[in-house]
Amino acid sequence: MGSTGTVLRELRGAQKSAKGVSLYSRYVNRPAGRMLAAGAYRADMTPNQVTLTSALFTYGALAAVALVEPSWTLGVLVWAALAVGFAFDSADGQLARLTGRGGPDGEWLDHVVDCGKLLLVHTAVLISFYRFGELPSQAWLLLPLGFQLAAVVTFCAGLLREQLGKAAASARGPSWAVPASASNVSRVRAVALLPADYGVFCLVFLLLGAPGAFRAGYAVLAVVHTLFLVAFLAKWFRELKVLRTG
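Report on the accompanying structure. (Residues numbered from 1 in each chain as written. Predicted model: local features only at pLDDT ≥ 70, side-chain atom pairs only at ≥ 80, totals over all residues. Heavy atoms only, no water.)

## A closer look at the overall build of the protein
Alright, step 1. Along the backbone of the protein there are nine helices and zero strands.
Alright, step 2. Starting at the N terminus, the α and β elements of the protein follow one another as α-α-α-α-α-α-α-α-α.
Alright, step 3. The buried share among the 246 residues of the protein stands at 41%.
Alright, step 4. For the protein, the share of sequence-separated contacts (at least 6 apart) that also reach a separation of at least 24 residues comes to 81%. (Helix = DSSP H or I, 4+ residues; strand = E, 2+ residues; numbered from the N terminus. Buried < 20%, exposed > 50% of the residue type's maximum accessible area, 1.4 Å probe, protein only. Contact = heavy atoms within 4.5 Å.)

What follows is the structure, given as C-alpha cells:
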C-alpha cells in the first residue's frame with residue numbers, strides 16, 4: 001500500500017471528466033472526496049462501505065432536521081454532516097476506480113442512497129415546517145413537495161437519458177455517436193450549474209436559525225431547480241429524439 005501522496009496522485013489520474021460539473025463539485029467536493037478516498041484506501045474500506053458511510057452522515061443529518069427544533073447550532077451541524085456525506089458520495093466512485101473493486105452492485109447501491117437522499121431531504125424540511133415553523137400560510141407546506149418533485153424527476157430522468165443513450169449506442173454498434181449530455185467544460189457553464197449543485201443546496205441549512213431566511217432561501221432554490229428541470233428535460237428529449245431519428 002503506497003503513501004497517502006502516492007494514492008492521491010493515482011486518484012487524480014482516475015478522476016472522472018469535469019464535463020457538466022459545477023465549480024463546487026470540481027473544486028470543493030471532488031478534492032474533499034479524493035482525501036476521503038485516500039483515507040478509505042489506507043483503511044482497506046470497500047467502495048460499498050464508503051457509500052454506506054455517506055448514507056450514515058446524510059440520513060443522520062436529515063433525521064435531525066425533522067426531529068430537532070431549528071437553531072443556528074443545528075444548522076451548522078446539519079450542513080457539516082451533509083457536506084461530509086456528499087464528499088463520501090464522491091469518494092466511493094473514486095475509490096472504486098482506483099482499486100477496480102467497483103461493479104453493478106456498487107453503482108446500484110450508490111443510486112439507491114442518492115434517491116433516498118433526494119426524497120428524505122425535502123420530507124425532513126416538510127416535517128420541520130409542520131412541527132416547528134410558524135408559517136405565514138399553510139400553503140408553505142406544499143413547497144417541499146414541489147421541490148421534491150423537481151429533484152426526483154431530474155434525478156430519474158437523467159439516469160434514464162444516460163441508460164437509453166447507452167442502449168441505443170450498443171444497438172447501433174460502436175461507430176454510433178451518442179449525443180453528449182454535457183460537452184462543455186467552460187468556466188461559464190461550471191458557474192451556471194452552481195445553483196443546481198447539491199453541495200450548494202446544502203448551504204441553505206446554515207440559515208436554520210432564522211426560519212424566515214431559511215424559507216426564503218429554500219423557496220428561491222426550489223424555483224431555480226424547477227427551471228433547471230424544465231431546461232434539462234427539453235435538452236434530454238431532443239438528444240433522445242436524435243437517437244430515434246438518426
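There is more to say after this.
## Some points on the environment of Tyr198
Alright, step 1. If you trace the backbone, Tyr198 turns up in helix α8 (residues 198-202).
Alright, step 2. Sequence-wise, Tyr198 and Leu118 are 80 residues apart; in three dimensions their C-alpha atoms are separated by 9.6 Å.
Alright, step 3. Among all residues touching Tyr198, those that are not within four sequence positions of it are Thr58, Leu82, Phe86 and Lys117.

## Quick word on helix α4 (residues 72-99)
Alright, step 1. Here α4 is 28 residues long and its end C-alpha atoms lie 40 Å apart, about the 40 Å a rise of 1.5 Å per residue gives.
Alright, step 2. In the stretch just after α4, Gly100 is the one whose phi turns positive, near 70°. (Expected span 1.5 Å × (residues − 1).)

## Brief notes about the side chain of His225
Alright, step 1. Checked against the element boundaries, His225 lands in helix α9 (residues 211-245).
Alright, step 2. For His225, a relative accessible area of 14% puts it in the buried group.
Alright, step 3. Here the side chain of His225 touches Pro195 through a polar contact of 3.1 Å, landing on its backbone oxygen.
Alright, step 4. Every residue in contact with His225, bar those within four places of it in the chain, is listed here: Phe147, Pro195 and Ala196. (Polar contact = N/O pair within 3.5 Å; in protein donor to acceptor, adjacent residues only side chain to side chain.)

## What to know about the pattern of salt bridges
Alright, step 1. If you walk through the whole model with that rule in mind, you get four salt bridges.
Alright, step 2. With a shortest N-O distance of 2.6 Å, Arg161 and Glu239 are connected by a salt bridge. One end of the pair, Arg161, is in helix α6 (residues 142-172); the other, Glu239, is in helix α9, with 78 residues separating them in the sequence. By the burial criterion, Arg161 is buried, and Glu239 matches it.
Alright, step 3. Between Glu239 and Lys235 there is a salt bridge whose closest N-O contact spans 2.7 Å. Of the two residues, Glu239 and Lys235 both sit in helix α9, four residues apart, roughly one turn of that helix.
Alright, step 4. Where salt bridges share partners, they join Asp89, Asp114 and Lys117 into one cluster. (Salt bridge = Lys/Arg side-chain N within 4 Å of Asp/Glu carboxyl O.)

## What to know about the nonpolar core
Alright, step 1. Among the nonpolar cores identified, the biggest contains 31 residues, and Val78, Leu82, Phe129, Phe201, Phe205, Phe214 and Tyr218 are the most heavily contacted of them.
Alright, step 2. Secondary-structure elements contributing two or more residues to this core are α3 (47-67), α4, α5 (104-132), α6, α8 and α9.
Alright, step 3. Examining the composition of this core, we find that six residues originate from one element, α4, more than from any other.
Alright, step 4. Setting aside its immediate chain neighbours within four residues, Phe201 contacts Val121, His122, Phe147, Tyr218 and Leu221.
Alright, step 5. Grouped together as the second largest cluster of nonpolar side chains are six residues, Ala37, Val50, Phe88 and Leu95 included. (Core = buried A, V, L, I, M, F, W, Y, C linked by side-chain atoms within 4.5 Å.)

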